[in-house]
Amino acid sequence: MSVETIYTSAACNRTPDSLDWGPDGLIYFAANNAIAVFDPKYHGSVKIVRTLIGHKARVNTVHVVRDGSECHGGINLLSGSDDGTCILWNTKQDGGAVRFILKGHTKGVTAVDALVDTATNNLIVATGSVDSSIKLWQATAESTFECTQTIDLRSGLTFAMKLFCLPRSNAVMLAYTTDTDVVKLCVRQKRTDADEATFEPVEQLKGHCDWVRGLDCIQLPDSEDWLLASSSQDTFIRLWRISPRASLQKQKEFKEILLEEDITLEERTFTVRAADGAEYHYALSLESVLQGHEGWVYGVHFCIRDGKLHLLSSSIDKSLTVWTPSESGVWVESVRVGEVGGSSLGFYGGKFSPDGSSIIGHGFQGSFHLWREDAEQPGLWKPGTILGGHFGGVRDLAWDPAGGMYVVTLSADQTTRIHAPWSRPEGEETWHELGRPQVHGYDMQCLTLLSRYRLASAAEEKIIRIFQAPSNFVQNFRALCGVVTDPEGDAVVESNPMGASVPSLGLSNKAVFEVETPETDSRHIKDMYPEHYFSPIALESPPAEETLMQNTLWPEIQKLYGHGNELYAIASSPDGALIASGCRATSTDQAQILLWDTASWRVVQQLTAHQLTVTQLAFAPDGQHLLSVSRDRTFSVFRRVSSAFELVMRSDKTKGVHTRIIWCCDWSHDSKRFATGSRDGKVVAWKAANEESNGVAVAPFEQAGVLELKNESITAVAFGRRKLSDGRYLVAVGLESGVIKLYALGQWDLLLNISEDQAHHLTVKRLSFRPHVEQHQLASCGEDGLVRVYSIKL
């Protein structure tokens, strides 16, 4: 038995420098506590091909090591985390990718950089932390890295660092910025009274008037000079030239009028003593000041393409800008790309591809934005197909009940998202986010699908909201996924609005119909200027982030009021005629389960069984039973009798098999089995027993096997949609540790263990097998923000 991950959805962490594009063409980015690796050219599309697990807290920064493949076991990646460590990775090996873990900081690591010392072929690593220190590390043996120097910043915070070798002397220079407006330069040199070479301050670059957030440097083509770029919250980018000099003769000062201010451009010099005692002289000068952004500039990145220098800047003003020097040497803006409209807060960083023909930016909401230069029309940059994901914990998911064509997920990032396979004429199929039905103002909690195009969701509020797909989404969904037979979609296209939008200061998605012509427009004057960004669009490829935010919302058609506290669990009957819901509760009255009729949108029954919050609800596939599990350590089974549900079984809180909170439950495809999973590490299977005894209903289900995992907490369970070839049931079990296990129900035989690097590194929140497919496919989501779809080969 084997498993293949056919889809991984993840967002980039919302920190600067949390993404880098390696010379191997792969993009590495921080995804919660992990590092995701995605291929931007996977079979003509994009796909996350691997996740690297090693950190115990959020990853703040990711940096690819250039020219480091031959030293220390092939280290090619660095990462810094809130857990206070920096990890050195070799991502080329198939097994564990962790090579070294650098421990020494007392607080989170926020900046990392590395340089291969050409003289010794030794890797020098610099790490900056919230503990107000910068540490320098080197290998002292084949299996150990040690801290060789600590730079005390007193109360400062490190924002950016850059290591590079000065020409002629080959001395290593460290440029770093803190929460000041100064760039500090240190050079590693050996003092006469010291045994070891250490980094000593030599200069400071002054000119910015706010915190300096980004640094990058590059050696100029056909020159010994280095160019250092610094970007700041003052919206300016400054370019500094570092040049070798034969002597300390000071160059003349000169003034230049810029922005009606007198700026004095001065060349300053410093001296470096090399290991052999020789002295080398260098000059510092301000090369240029780049103005063009209207907000903080978080990052800069150099690239040489076709022998010409390019600089990419990323700003919170929602733009990425490429700067190039003109023939006269003046730096000018050559390309500007970015978002239009939407509610995003700009870019935290941007990188060139290795060949400079593509650029990628990562935004405040964890989104990715990719542009590629058109090969036939140089200078024309077109948006590329990209992936995306939730930037908060994913709490629930559900498959399209009509045909399993997509999976919809819901997250604490206040969005619901639709993920589906994009079918192309050449036969290739890759998964992408195709829609974002709801962008809310509350953290989302649970959802259920009433049909392919009707969704019910609940957030941390007291309302259940019902959404209906608009016709524009249906048209694009059919085109991208190759849906041919779709009777429900036909009805939607004929009668439903084109799209939806969220009005200012509102939480409800309002329907947007086709705009009427002025001659036939009979709307009231107050409705003449609708507050929406939506415009119908025909998609030929998966939508970009701006399109997802503005053009894929579903109109809200109903609100259901009835609960007194925030919603926690929701489920719908197989025919979509009933919705069961439960809210947070501390008493029997609050813990009542409400049944709603989806024809009248009214409560038709209140079911009393629990004393605390109902954690999950599940209807049997035949629609005859409703199962509920609760924080009060009990589960209940309700059976449909005539047009109502009656309680026919309730476990005992004190004598029951579960001794802790029951988190999850699910039914088998034939409605003859169900399973409950608890914090006590037990998964209990239950089977139908003799339901009638002298005409009186008795406990209709009995234990069919108990799986106990020591020191684990069971947080998700799901039955396969059909039996295995030997007649046993396939059951997936998700753990609080992030691991997913697949069992054959009978004696609970373990078939497959999906480890953290393939599954999740935080709590698994929900598991569900895909319906209506020949091969077993499993979807999972977790608190780490990842959504995965697996193909299971038996």
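Every value quoted in this text rests on a predicted model; they were computed, and no experiment measured them.

Under the counting rule described, the total for this entry stands at 26 aromatic pairs. Ring centres of phenylalanine 29 and phenylalanine 368 lie 4.7 Å apart, and the angle between their planes is 65 degrees; this geometry places the pair in the edge-to-face category. Highlighted residues: phenylalanine 29 in strand E3 (residues 27–31) and phenylalanine 368 in strand E31 (residues 368–373), separated in sequence by 339 residues. Neither phenylalanine 29 nor phenylalanine 368 differs from the other in exposure class; each is buried. Taking the centre distance of 4.9 Å and the plane angle of 75 degrees together, the rings of tyrosine 298 and tyrosine 348 count as edge-to-face. Of this pair, tyrosine 298 sits in strand E25 (residues 297–305) while tyrosine 348 is found in strand E29 (residues 347–352), placing the two residues 50 residues apart along the sequence. Through a chain of ring-to-ring contacts, the aromatic side chains of Tyr406, Tyr453, Phe473, Phe477 and Trp554 assemble into a single cluster. Over the ring of tryptophan 422 we find arginine 424; its NZ or CZ atom is 4.5 Å from the centre of that ring.

Right, let's get into helix H1 (residues 471–481). Every α-helical turn comprises 3.6 residues, leaving residues that sit three or four positions apart pointing alike. Of all 11 residues in H1, nine are buried; the element is thus mostly enclosed. Along H1, the positions that sit buried rather than exposed are Ser471, Asn472, Phe473, Val474, Asn476, Phe477, Arg478, Leu480 and Cys481. Elements in contact with the buried residues of H1: strand E35 (415–423), strand E36 (429–439), helix H2 (487–495) and helix H3 (545–551). Following H1 by one or two positions, glycine 482 adopts a phi angle in the positive range, close to 70 degrees.

A separate point is the sheet that holds strand E61 (residues 764–769). The sheet built from four strands is open, its strands ordered E1-E63-E62-E61 with antiparallel pairing. At either margin of the open sheet sits one strand with a lone partner, and together these are strand E1 (2–9) and E61. For this sheet the average axis-to-axis angle between neighbouring strands, irrespective of direction, equals 20 degrees.

This part covers the domain arrangement of the protein chain. Assigned domains within the protein chain: domain 1 (1–156), domain 2 (391–516 + 527–598) and domain 3 (609–690 + 699–793). Put simply, the middle of domain 1 and the middle of domain 3, counted by C-alpha atoms, are 37 Å apart. The partner domain 3 presents 22 residues to the 16 residues of domain 1 that form the contact. Note on domain 1 versus domain 3: buried area summed over both sides is about 1700 Å², and carbon and sulfur give 58% of it. Among the residues of domain 1 in contact with domain 3, Met1, Val3 and Ile53 are the three that bury the most area, contributing 35% of the side total. The interface formed by domain 1 and domain 3 holds one salt bridge in total. Between lysine 793 and glutamate 4 there is a salt bridge whose closest N-O contact spans 3.6 Å. Taken together, domain 1 and domain 3 are joined by 10 residue pairs in polar contact (both at pLDDT 80 or more). Elements that contribute at least two residues to the side of domain 1 that touches domain 3 include exactly E1 and strand E5 (45–53). Among the residues forming the side of domain 1 that touches domain 3, the class breakdown is eight nonpolar, seven polar and one charged.

Next up on the list: the nonpolar core. Core analysis: the largest hydrophobic core is formed by 26 residues, its most contacted members being Tyr406, Val408, Tyr453, Phe473, Phe477, Cys481 and Trp554. When residues of this core are traced back to their parent elements, those giving at least two are strand E34 (407–411), E35, strand E37 (444–451), strand E38 (454–459) and H1. It is H1 that provides the largest number of residues to this core, a total of five residues. If we ignore the near neighbours within four places in the chain, the residues touching phenylalanine 477 are Met405, Tyr406, Ala420, Leu434, Arg452, Tyr453, Gly482 and Val483. Counting 22 residues, the second-largest nonpolar core is a separate cluster that includes Met173, Val212, Cys217 and Phe270.

A word on unusual backbone geometry. Note on backbone geometry: most residues besides glycine have negative phi, and most peptide bonds are trans. Phi at arginine 154 takes a positive value of approximately 60 degrees, unusual for a residue other than glycine. Note on placement: arginine 154 falls in the loop between strand E13 (144–152) and strand E14 (160–165). On the basis of relative accessible area, arginine 154 is assigned to the exposed category, the value being 75%. Its identity is not glycine, yet histidine 772 carries a phi of approximately 65 degrees, on the positive side. Residue position: histidine 772 is located in the loop between E61 and strand E62 (776–782).

With that settled, the discussion passes to the sheet that holds strand E26 (residues 308–315). What the four strands build is an open sheet, ordered E25-E26-E27-E28; its pairing is antiparallel. Taken across any chain shown, the strands that pair with only one partner, and hence form the sheet edges, are E25 and strand E28 (331–338). Neighbouring strand axes in the sheet, compared pairwise and without regard to direction, differ in orientation by 20 degrees on average. Bridge count for E25 against E26 is eight bridges, and the pairing is antiparallel. Following the sheet pairing, valine 297 is matched in E26 by serine 315.

Burial analysis of E31 places five of its six residues in the buried class, the great majority of the element. Between the end of strand E30 (residues 358–363) and the start of E31, which pair antiparallel, lie four residues, with glycine 366 showing a positive phi angle near 75 degrees. Note that E31 and strand E32 (residues 381–383) share three bridges and pair antiparallel. Residue pairing for E32: glutamate 373 is matched across the bridge by tryptophan 381.

Look at H1 against H2: their axes get within 8 Å of each other, and the N-to-C directions meet at 140 degrees. Overall, the two elements H1 and H2 adopt an arrangement that is oblique. Relative to H2, H1 is oriented so that their crossing is left-handed. The residues of H2 that touch H1, namely those facing Ser471, Val474, Gln475 and Arg478, are Gly489, Asp490, Val492 and Val493. For the contact of H1 with H2, the class distribution of residues is three nonpolar, three polar and two charged.

Each value, and the rule that gives it
Residues numbered from 1 in each chain as written. Predicted model: local features only at pLDDT ≥ 70, side-chain atom pairs only at ≥ 80, totals over all residues. Heavy atoms only, no water. Phe/Tyr/Trp six-rings, centres within 6.5 Å; stacked < 30°, edge-to-face > 60°. Helix = DSSP H or I, 4+ residues; strand = E, 2+ residues; numbered from the N terminus. Buried < 20%, exposed > 50% of the residue type's maximum accessible area, 1.4 Å probe, protein only. Lys NZ or Arg CZ within 6 Å of the ring centre and 35° of its normal. Contact = heavy atoms within 4.5 Å. Pairing = 2+ DSSP bridges. Axes fitted to C-alpha atoms, helices over the stretch in contact; angles between N-to-C directions. Domains from an automatic or database assignment. Buried area = accessible area lost by both parts, 1.4 Å probe. Salt bridge = Lys/Arg side-chain N within 4 Å of Asp/Glu carboxyl O. Polar contact = N/O pair within 3.5 Å; in protein donor to acceptor, adjacent residues only side chain to side chain. Nonpolar A, V, L, I, M, F, W, Y, C, P; charged D, E, K, R; others polar. Core = buried A, V, L, I, M, F, W, Y, C linked by side-chain atoms within 4.5 Å. Parallel < 35°, antiparallel > 145°, perpendicular 65-115°, else oblique. Left-handed = near helix turned anticlockwise from the far one by under 90°.

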